[in-house]
Amino acid sequence: MNIRLLAKRNIQGNAQRYLAYFFSIVLSVSIFFIYASFIFHPDVVHANIPGGQLISKGLIAAEIVIIIFSVFFIAYSNAAFIQPRKKEFGLLTLLGMSKSQLRKLIYLEQTMVSLISILIGVGLGFLFSKLFLMAVSWLLAVEQPISFVIVPEAFVYTIVGFILLFQLLSLLSLFHIGNAEVVDLLKDKQKPKKTPFVSKWLVALSAVCLSISYYLAGTMSLNNSYRVLPIVFFVLIGTYFLFSQSIVALCSRLYRKKKSLYGGTNLITQTNLIFNIKDYSRLFFLTSIITAVILTAAGTLFMFSADLKKQGMDNIPQSIGWVENDASVYSVIEPSAVEKTLKEDGFKILYEVNMTGVPITHMLPHMRTGESSENRSLLISESDYNNTAALRKIEPAKLSGKEALYIFPYGGLDYQFVHKGEQKELHFGNRTIQVTMIGQRNQSIVAPIKAATTLMVVDDQLYHEITADVPLKEMARVRGYEVKDWEESMETSSEIEQMSNNPNHNQLQTRAPIYQEMKQGSILILFIGLFVSLLFFIVQGSMMYLRVFTNLEDKKIQIHALHRLGLTKKEIRQILSAEIRILFFAPFLIGVIHAIVAYVALSNLLGSNLFVYSAMVIATYFLFQLLYYQVTKKMYGRAVINSIK
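Quick summary incoming for the structure in this document. (Residues numbered from 1 in each chain as written. Predicted model: local features only at pLDDT ≥ 70, side-chain atom pairs only at ≥ 80, totals over all residues. Heavy atoms only, no water.)

### Quick look at the overall build of the chain
Logical step 1: Secondary structure summary: the chain contains 21 helices and 9 strands in total.
Logical step 2: Here the chain holds 645 residues, and the buried ones make up 50% of them.
Logical step 3: Within the chain, residue pairs in contact and separated by at least 24 positions form 82% of the contacts whose partners lie at least 6 positions apart. (Helix = DSSP H or I, 4+ residues; strand = E, 2+ residues; numbered from the N terminus. Buried < 20%, exposed > 50% of the residue type's maximum accessible area, 1.4 Å probe, protein only. Contact = heavy atoms within 4.5 Å.)

### Remarks on the pairing of strand β8 (residues 476-483)
Logical step 1: Of all the 8 residues making up β8, 8 are buried; the element is thus mostly covered by neighbouring parts of the structure.
Logical step 2: Alternating residues of β8 divide into Ala 476, Val 478, Gly 480 and Glu 482 and Arg 477, Arg 479, Tyr 481 and Val 483, and every residue in both groups is buried.
Logical step 3: In this structure, strand β1 (residues 320-324) lies alongside β8, joined through 5 bridges in antiparallel fashion. Bridge pairing links Trp 322 to Arg 479 in β8. (Pairing = 2+ DSSP bridges.)

### Re the layout of surface pockets
The method is simple in principle: a probe with the dimensions of a water molecule rolls over the atoms, and the space it marks as empty is what remains.
Logical step 1: Considered as a void within the structure, the second largest pocket measures approximately 650 Å³ in volume.
Logical step 2: For the second largest pocket, the lining is made up of 22 residues, of which Val 228, Val 232, Ala 292, Thr 296 and Ala 598 are closest to its centre.
Logical step 3: Mapped onto the lining of the second largest pocket, the elements with two or more residues apiece are α9 (200-218), α10 (228-255), α12 (266-306) and α20 (569-606).
Logical step 4: The greatest single-element share of the lining of the second largest pocket, amounting to 7 residues, is contributed by α20. (1 Å grid on protein atoms, 1.4 Å probe; cavity = no way out; pocket = protein on both sides within 12 Å on 5 of 7 lines; lining within 4 Å. Points joined across faces, edges and corners; volume = space filled by probe spheres on them.)

### Quick word on the environment of Asn 2
Logical step 1: Along the chain, Asn 2 falls in the segment before α1 (3-13).
Logical step 2: Its relative accessible area of 44% is what places Asn 2 among the partly exposed residues.
Logical step 3: For the pair Asn 2 and Leu 105, spaced 103 residues apart in sequence, the C-alpha to C-alpha distance is 9.7 Å.

### Looking at the side chain of Asp 459
Logical step 1: As for its position among the elements, Asp 459 is in the loop between β7 (455-458) and α16 (460-467).
Logical step 2: An unpaired buried charge is present at Asp 459: no salt bridge exists, and Lys 402, the closest side chain of opposite charge, is 11 Å distant.
Logical step 3: Within the structure, Asp 459 has its side chain in polar contact with the backbone nitrogen of Gln 461 (distance 3.1 Å). (Lys, Arg positive; Asp, Glu negative; His and termini not counted. Salt bridge = Lys/Arg side-chain N within 4 Å of Asp/Glu carboxyl O. Polar contact = N/O pair within 3.5 Å; in protein donor to acceptor, adjacent residues only side chain to side chain.)

### Regarding the packing of aromatic side chains
Logical step 1: Counting across every chain of the model gives 25 aromatic pairs.
Logical step 2: When the ring of Phe 233 is compared with that of Phe 234, the centres are 5.5 Å apart and the planes differ by 70°; the resulting orientation is edge-to-face.
Logical step 3: Overall, the relative accessible area of 22% leaves Phe 234 in the partly exposed class.
Logical step 4: Their ring planes at 50° and their centres at 6.2 Å tell us that Phe 584 and Tyr 628 sit as a pair that is tilted. Taken together, the residues Phe 584 in helix α20 and Tyr 628 in helix α21 (residues 611-641) connect sequence positions 44 residues apart.
Logical step 5: An aromatic cluster of three or more residues is present, and its members are Phe 537, Phe 584, Phe 585, Phe 588, Tyr 621, Phe 622, Phe 624, Tyr 628 and Tyr 629. (Phe/Tyr/Trp six-rings, centres within 6.5 Å; stacked < 30°, edge-to-face > 60°.)

### Here we look at the pairing of strand β6 (residues 431-442)
Each regular strand displays side chains that alternate between the two surfaces of the sheet.
Logical step 1: Sheet analysis places strand β4 (residues 403-408) next to β6, joined by 6 bridges and oriented parallel. Bridge assignment links Leu 405 to a residue of β6, and that residue is Gly 439.
Logical step 2: In terms of strand pairing, strand β5 (residues 423-428) meets β6 through 6 bridges, oriented antiparallel. Bridging from a neighbouring strand, Gln 423 pairs with Thr 436 of β6.

### Considering a negative patch on the surface
Logical step 1: On the surface, a cluster of negative charge is made up of Glu 344, Asp 345, Glu 491 and Glu 495.
Logical step 2: By secondary structure assignment, the location of Glu 344 is in helix α14 (residues 335-344).
Logical step 3: In this structure Glu 344 comes out as exposed when scored by relative accessible area, which is 56%. (Patch = residues over 30% accessible without salt bridge, like charges linked within 9 Å, V, L, I, M, F, W, Y side chains within 5 Å. Areas by Shrake-Rupley, 256 points an atom, 1.4 Å probe, with all protein chains shown as cover. Charge placed at Lys NZ, Arg CZ, Asp CG, Glu CD.)

### As for unusual backbone geometry
Glycine aside, the phi torsion of most residues is negative, and most peptide linkages are trans.
Logical step 1: In the Ramachandran plot, Lys 450 falls in the positive-phi region, its phi being about 45° despite a non-glycine side chain.
Logical step 2: For Lys 450, the position within the fold is in the loop between β6 and β7.
Logical step 3: On the accessibility criterion, Lys 450 (44% relative accessible area) is partly exposed.
Logical step 4: Even without a glycine there, the phi angle at Asp 485 is positive, about 55°.

### A short note on empty space enclosed by the protein
Logical step 1: As enumerated under the stated definition, the model contains 3 cavities of 30 Å³ or more in all.
Logical step 2: Size it by volume and the second largest cavity reaches roughly 80 Å³.
Logical step 3: Of all the elements in the fold, those that place two or more residues in the lining of the second largest cavity are α2 (15-39), α6 (99-140) and α7 (152-178).
Logical step 4: Considered class by class, the residues forming the lining of the second largest cavity number 12 nonpolar, 3 polar and no charged. (Nonpolar A, V, L, I, M, F, W, Y, C, P; charged D, E, K, R; others polar.)

### As for helix α19 (residues 552-564)
Residue pairs spaced three or four apart in an α-helix point in one direction, given the helix's 3.6 residues per turn.
Logical step 1: Taking 1.5 Å as the rise per residue, α19 with 13 residues should run 18 Å; its terminal C-alpha atoms sit 18 Å apart, in good agreement.
Logical step 2: Among the residues of α19, those classed as buried are Leu 552, Lys 555, Ile 559 and Leu 562. For α19, the angular spread of buried residues about the axis comes to 85°, placing them on one side. Residues Ile 557 and Arg 564 are exposed on α19 and point more than 90 degrees away from its buried face.
Logical step 3: Following α19 by one or two positions, Gly 566 has its phi on the positive side, about 125°. (Expected span 1.5 Å × (residues − 1). Arc of directions from axis to C-beta.)

### As for the pattern of salt bridges
Logical step 1: Per the counting criterion, the structure on display carries 4 salt bridges.
Logical step 2: Close ionic contact of Arg 479 with Glu 352 constitutes a salt bridge, the shortest N to O distance being 2.6 Å. One end of the pair, Arg 479, is in strand β8; the other, Glu 352, is in strand β2 (residues 349-365), and 127 residues separate them in sequence.
Logical step 3: For Glu 352, a relative accessible area of 41% puts it in the partly exposed group.
Logical step 4: Glu 422 is paired through a salt bridge with Lys 424; the nearest N and O atoms lie 3.5 Å apart.
Logical step 5: Lys 424 gets classed as buried once you look at its relative accessible area, which sits at 5%.

### Side note on α9
Logical step 1: With 19 residues, α9 extends 27 Å between its outermost C-alpha atoms, agreeing within 8% with the 27 Å of an ideal straight helix rising 1.5 Å per residue.
Logical step 2: Those residues of α9 lying buried are Ser 206, Cys 209, Leu 210, Ser 213, Leu 216 and Ala 217. Down the axis of α9, the sector holding all buried residues measures 130°, keeping them to one side. Exposed side of α9, more than 90 degrees from the buried face: Lys 200, Trp 201 and Tyr 215 are the residues found there.

What follows is the structure, encoded as structure tokens:
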């Protein structure tokens, strides 16, 4: 018997414990290899693929996330593998194994597992890279599919990178066990567990941090998006002390309720929980944060993609819109030419916009500094505004006398440039008129281009008084057409753009090309994000699986003793199910709460109700979590129950 053979047999004997860890590493290596194959693909490097460079940057960011996450997961797993085997290491030391030989044994075990994981991961990545390239080709809508080639850089970066990562983390894990005394190793599991101590101040700190983070997230908007970092900081602090202190306090309170404690198997379940909760707290913290990250990231990507059409219609009011700086002529494009092209291509015009206005200037505060500066707007009548607003199902304006309403086109930006009752001077030519503002609306009704980017709406009578002697050539005209099935009008929109006299592309706006470009980009990001989210999910499930099976031998001893005292196998299964259920779903619940708060913030940023989308994401994740729980429960229950004689 030599150390190499002993390491091999140890791996075989702990195969069930290594299973989830092995699968997670294989998946991490596979995804890393697939992404690297695309990043270093000759067509991407030489920019032969439209949009390839953009997705390459996204994949590089994903690779960095995978590496960082792998560092934490491997370090955690190494510690989890070593901890329950201290008695085994103590016996080996007692039988004459030196510290250097013990370190060599652990090093060989971890190296064997890592090399096998890397080789299988690279092999699977190579097999599925063709499928990945086909999917990306379809998403990018390229004429010629991306060719499948062997990319040497992908092999080098993946194999060398993960070998170095495993070697470094393996060497670091050896110091802890290598310096321990034989007595400490043998008696590690015999140390009695004390009732966990709870600090009321830390419980209060947890509540305060989470309350602050939830408030900041719930009231976040585009103009205060800098809150993201403080929110993350307070969530991390609050969640850590929630599990290490607040949950311990809750379990202690439940433990004192004797009526429920003595019902069924509650005594055993709650006793196990209260004495293990401190050990579980770090795992609960990590998995709840991972759950929140997965739900928030996947939910954000899915919601943005699903809500893209609404965003396009909100930000680009008409399918085709343009502004004529001189209202007396059509210099950008003739409306008749637009109508003819739309009809020839089979698109039905739902409505058209034709309004004129006077370009004016007025003072507005700067968003960051608050200092007043001159801004341009288009002065339009209340009737023109209400007619177009009705077509877009927007509430009409109600003005009288010298009242005015300011229209800012971007709904996601929650910033008030004007306030109700504010007196404002409007300048046009040599004339100045003072109006009383009734407020501001952040929504567009016409193409936000040039002079019509922002609008100033006034009462009809006041508008006619102002513009009575203003010639058409000094006014601006806004035109627009909304068409049915505008998403399919890519070619028609391009044709209209080519017909127009719009060399700088700043006077005519078409919705379909912008929407399709955003849709393509969002699908690609969603595609990448789902891969990373899947990896995160597998890893956090593996951490819980690992935590369950590292204490398998101790659990077998406990269950065997309980069975001899009279507990049936059915009652034992209830105890095991309750413990695993808490392990899987306590952090899941907290992670879901964190994600819901993040969804509220996202809804505020996008100006949309995302309840349905968020419910779909959470429900999907719950089903996967439930499946993982059922598999783990069945395997764990079988391993424990089969040990009962």
